[in-house]
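A structural walkthrough
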Amino acid sequence: MISVEEALARILAHITPLAPVRVPLSEADGLVLAEDVISVENIPPFANSAMDGFALRSQDSQADNGQPARLQVIGSIPAGYVAEHAIEPGTAMRIMTGAPVPAGADAVIQVELTHSEGRESAWVEILQEVAPGNNIRPAGDDIQQGQKVLTQGTEIRGWEIGLLATLGYATVPVIRRPRVAILGTGDEIIDVDEALQPGKIRNSNSYLLEAAIRHAGGEPHRLGVARDTVESLREKFSAALSHDLIITSGGVSVGDFDLVKDIMREQGQVDFWRINMRPGKPVAFGQIGGVPLLGLPGNPVSSAVTFQLFGCPVIRKLLGHTRLVKPQVEVVVEDGVQDRVMRRHYVRAHVAWNGTAFIAQTTGPQGSHIMTSLLNANALLIVPEGGVEIHPGERTQAMMLDWPEVNL
Ligand code: AMP
Ligand code: MG
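Quick caveat: nothing in here was measured; it's all calculated off a predicted structure. Every residue gets a number counted from 1 within its own chain, in the order that chain's sequence is written. Note on labels: chains are lettered from A, ligands numbered from 1, in written order. Restriction of local features to residues with pLDDT of at least 70 applies here, the model being predicted, together with a cutoff of 80 or more for giving and counting side-chain atom pairs; totals for whole chains, interfaces and linings are based on all residues. Here the side-chain values reflect all heavy atoms present in the structure, with hydrogen atoms and water set aside.

Let's talk about the site of ligand 1
What counts here: It suffices for a single heavy atom of a residue to lie within 4 Å of a molecule or strand for the residue to be listed as near it. We call two N or O atoms a polar contact when they sit within 3.5 Å, provided that within protein one can donate a hydrogen and the other can accept it, with sequence-adjacent residues counted only if both atoms are side-chain atoms. Three residue categories are used. Nonpolar comprises Ala, Val, Leu, Ile, Met, Phe, Trp, Tyr, Cys and Pro, charged comprises Asp, Glu, Lys and Arg, and polar comprises the others, including Gly.
What surrounds ligand 1 is a group of 15 residues, the closest being Glu188, Asn203, Gly251, Gly298 and Asn299. Glu188 places a side-chain nitrogen or oxygen 2.5 Å from an oxygen atom of ligand 1. Considering only residue class, the shell around ligand 1 consists of 3 nonpolar, 9 polar and 3 charged.

Overview of the sheet that holds strand β18 (residues 268–272)
Cut-off, in case you're wondering: Whether two strands pair comes down to DSSP finding at least two bridges between them. Secondary structure elements are taken from DSSP: a helix is a run of H or I of four residues or more, a strand is a run of E of two residues or more, and numbering for both begins at the N terminus. What counts as an axis is a line fitted to C-alpha atoms, over the stretch in contact for a helix, and the angles between N-to-C directions run from 0 to 180 degrees. Here a residue-residue contact requires only that any non-hydrogen atoms of the pair lie within 4.5 Å.
Taken together, the 6 strands give an open sheet; going across it, the order is β16-β13-β17-β21-β20-β18, and neighbouring strands pair in mixed fashion. The two strands at the open ends of the sheet, each matched to only one other strand, are β16 (219–226) and β18. Here the strands of the sheet are splayed against their neighbours by 25 degrees on average, with no regard to which way each runs. Bridging between strand β20 (residues 284–288) and strand β21 (residues 291–296) involves 5 bridges; their strand directions are antiparallel. Residue pairing across strands places Gln287 opposite Pro292, the latter belonging to β21. Relative to β18, helix α5 (residues 260–267) is tilted by about 125 degrees, and along the sheet it contacts β13 (179–185), β17 (245–249), β18, β20 and β21. Where helix α6 (residues 300–318) meets the sheet, its contacts fall on β13, β17 and β21, and the angle it forms with β21 comes to roughly 165 degrees.

Remarks on the domain arrangement of the protein chain
Counted only if it meets this: Bear in mind that the domain bounds are from an automatic or database domain assignment.
Segmentation of the protein chain into domains returns domain 1 (4–18 + 177–318), domain 2 (24–43 + 143–175), domain 3 (48–137) and domain 4 (328–400). Using only C-alpha atoms to locate each centre, domain 3 and domain 4 end up separated by 65 Å.

What to know about the nonpolar core
The condition is simple: In this description, a nonpolar core means a group of buried Ala, Val, Leu, Ile, Met, Phe, Trp, Tyr and Cys residues linked to one another through side-chain atoms lying within 4.5 Å. Exposed residues in this analysis have more than 50% of their type's maximum accessible area, buried residues have under 20%, and partly exposed residues fall in between, with area computed by a 1.4 Å probe over protein chains only.
Ranked by size, the top nonpolar core spans 58 residues in total, and within it Ile247, Ile275, Phe307 and Phe310 carry the most contacts. Looking at this core element by element, the count peaks at 9 residues for α6. For Phe310, the residues in contact, after removing those within four places along its chain, are Val4, Ala7, Leu8, Ile11, Ile275, Met277 and Leu294. Counting residues in each nonpolar core, the second largest holds 16 residues, with Leu233, Ala240, Met264 and Leu293 among its members.

Focus: the pattern of salt bridges
Worth spelling out the cut-off: A carboxyl oxygen of Asp or Glu within 4 Å of a side-chain nitrogen of Lys or Arg is what we treat as a salt bridge.
What the rule picks out here adds up to 21 salt bridges. Here Asp271 and Arg10 are joined by a salt bridge, their closest N and O atoms 2.7 Å apart. Within this pair, whereas Asp271 is found in strand β18, its partner Arg10 is found in helix α1 (residues 4–12), the two being separated by 261 residues in sequence. For Glu219, the salt bridge is made with Arg179, and the minimal N-O distance between the two is 3.7 Å. Here Arg179 lies in strand β13 and Glu219 lies in strand β16, a separation of 40 residues in the sequence. Taking relative accessible area as the criterion, Glu219 reaches 32% and is therefore assigned partly exposed. By sharing partners, the salt bridges in this structure join Asp29, Glu155, Arg157, Arg316, Arg323, Lys326 and Glu405 into a single network.

Comments concerning the packing of aromatic side chains
The description of two aromatic rings rests on the distance between their centres and on the angle between their planes. Note the following rule: A pair of aromatic rings is counted whenever rings of Phe, Tyr or Trp (Trp by its six-membered ring) have centres within 6.5 Å, and the orientation is called stacked for planes under 30 degrees apart, edge-to-face for over 60 and tilted otherwise. Here, a charge over a ring is recorded when the distance from Lys NZ or Arg CZ to the ring centre is within 6 Å and its angle to the ring normal is within 35 degrees.
The final tally for this structure, using the stated rule, is 3 aromatic pairs. Taken together, a centroid distance of 4.7 Å and an interplanar angle of 55 degrees make the contact between Trp353 and Phe358 tilted. Linked through ring pairs, Trp353, Phe358 and Trp403 together constitute an aromatic cluster. The ring of Trp123 carries Arg70 above its face, with NZ or CZ at 3.9 Å from the centroid. Between the NZ or CZ atom of Arg274 and the centre of the ring of Trp273, over which it lies, the distance is 4.6 Å.

Right, here's the structure in full:
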């Protein structure tokens, strides 16, 4: 049996980022930029006013013997329009925030520092002297033409999208989303809209994984449930081969009908199939037909936890991310962990900051069939290998599931 760390390293060694595509700007959120973004324009594209006020020549703002300068108002420039004439000595123009500064003007004085007779006033008094450049946002003040604004490999979020919109990127070069095939296995598995029958249970894994894959940035495709026969598995696997990643649940342990590894050996290879952890010892990794295959355990909690530990980083690496894993923090385990497990134990827990420390409470019984203990769990406590007990109030590391990923 290999350690969690070795398993993840061996899996990621086989994963490379997918090819770039262009997507509409509004679909780029969360994706990774595939090229540097170099601006072909100055931003702002033209010198404009930072205030509602009056454009003028700064030298005309000087008071004369204590009397404020009085200028003739020769026009008004709303945002979106260019003044038709220039500012001459002794004149000013009303100007709105974002409107282009007219020729001849080298400053804007905000309306609060002026006196006039309102919107139609033919004159304005300047109540304070202004320096050249006052309240003017020069062309290129934010971004110079030719400047590199975003670097290849950047994760695109709202702020990046704002910049890309400013630069006119209606479509964005990104690493495409992986298409992920989801396969259930098991003669006992029926679909969610079917009534329970003796011996049968509903397919929770495929739906849980579908949501988790989408959340991780993948494009999930549920391909149904294979029966526990070699023929049924072969048929389902052949439909899965057109994907970038195959994720199965169930059928990877040591039971008579755990046939997933057999098909992997027949059509590809198994790299490993056991990890020294609980929940989720039986996790198989390998490939069929060149497509990486992650065989998760059937027990719902095991498949959920192992997807988090191994599936998410794989999807993120395919997407071109470099931050692949959830961060860990030290927590105080208020109620302790009594089960002594020889394998590395991932315990569902809720962690909250109490102003001084992160405090963890486990979320209930930790059997790998107890799905309700996933509810309210925002962390996995990491209890080291070797049958360690954590007494109430002792500390351990927790993997924070709601926090953004960090580097490995
Ligand atoms: P297996 O690894 O195939 O022996 O499955 C282990 C346990 O997980 C068994 O109790 C299965 O019934 C259960 N199981 C397998 N697949 C699913 C599924 N898709 N949804 C819910 N439970 C499942
Ligand atoms: Mg099974």
